[in-house]
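What follows is each chain in one-letter form.
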Amino acid sequence: MSAKTDAVVVIDGKVYTLSGYEDVEYLQKVGAYINDKIAEIDSVDDYRHMAINMKNTLVEINIADDYFKAKSQVEKLEKDLAAKEKEIYDLKHDLISNQVKTESDEERIKELEAENKELLLNKTRLEATLEDTLLEEKKSK
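Since this is a predicted model, take the numbers as computed values, not measurements.

**Q** Break down the pairing of strand β1 (residues 5-11) for me, with residues and values.
**A** Two faces belong to every sheet, and in a regular strand the side chains alternate between them. Of the pairings in the sheet, the one linking β1 to strand β2 (residues 14-20) comprises seven bridges and is antiparallel in character. Paired with Val10 across the two strands is Val15, which belongs to β2. In this antiparallel pair of consecutive strands, β1 and β2, the connection spans two residues, and Asp12 shows a positive phi of 55°.

What follows is the structure, given as structure tokens:
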């Protein structure tokens, strides 16, 4: 477990000390995020003069909205990642199957080439035999 850290931050003009097991930069980022949300609310004229508890509630609602949107995005990305991983698995399976088929086909091609070579040799022998036979028949006539 990391050591506990403290960070001094200013939120809505007040100084706070945030503590946690994250680094100081992260704690300052959290404070800056909250400040930005408060500034968003304060930037709208109608909200500037609201009671502090109402403003705080609006900030909380905005933070919760950001959280749920981010959570939804993470879930979508996780689903996309799972789909991509499945697609990669399927493609690897297809690749291996195709490699096995290619090896089998290459072996069959070698067999057929050897058979073709043998048949060509037989053909050449038969043609030579036929030619010899025809020459002998011609000579005997």
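Next comes the rest of the description.
**Q** Can you lay out the side chain of Lys55 for me, pointing to particular residues and giving the numbers?
**A** One can find Lys55 in helix α3 (residues 52-140). Residue Lys55 is classed as buried on the basis of its relative accessible area of 15%. When residues no more than four places from it in sequence are discounted, the contact partners of Lys55 are Ile41, Asp42, Tyr47, Arg48 and Met50.

**Q** Let's hear about unusual backbone geometry: which residues, and what values?
**A** The backbone phi angle of Asp12 is positive, close to 55°, even though this residue is not glycine. Considering the arrangement of structural elements, one finds Asp12 in the loop between β1 and β2.

Procedures and definitions
- Residues numbered from 1 in each chain as written.
- Predicted model: local features only at pLDDT ≥ 70, side-chain atom pairs only at ≥ 80, totals over all residues.
- Heavy atoms only, no water.
- Pairing = 2+ DSSP bridges.
- Helix = DSSP H or I, 4+ residues; strand = E, 2+ residues; numbered from the N terminus.
- Buried < 20%, exposed > 50% of the residue type's maximum accessible area, 1.4 Å probe, protein only.
- Contact = heavy atoms within 4.5 Å.

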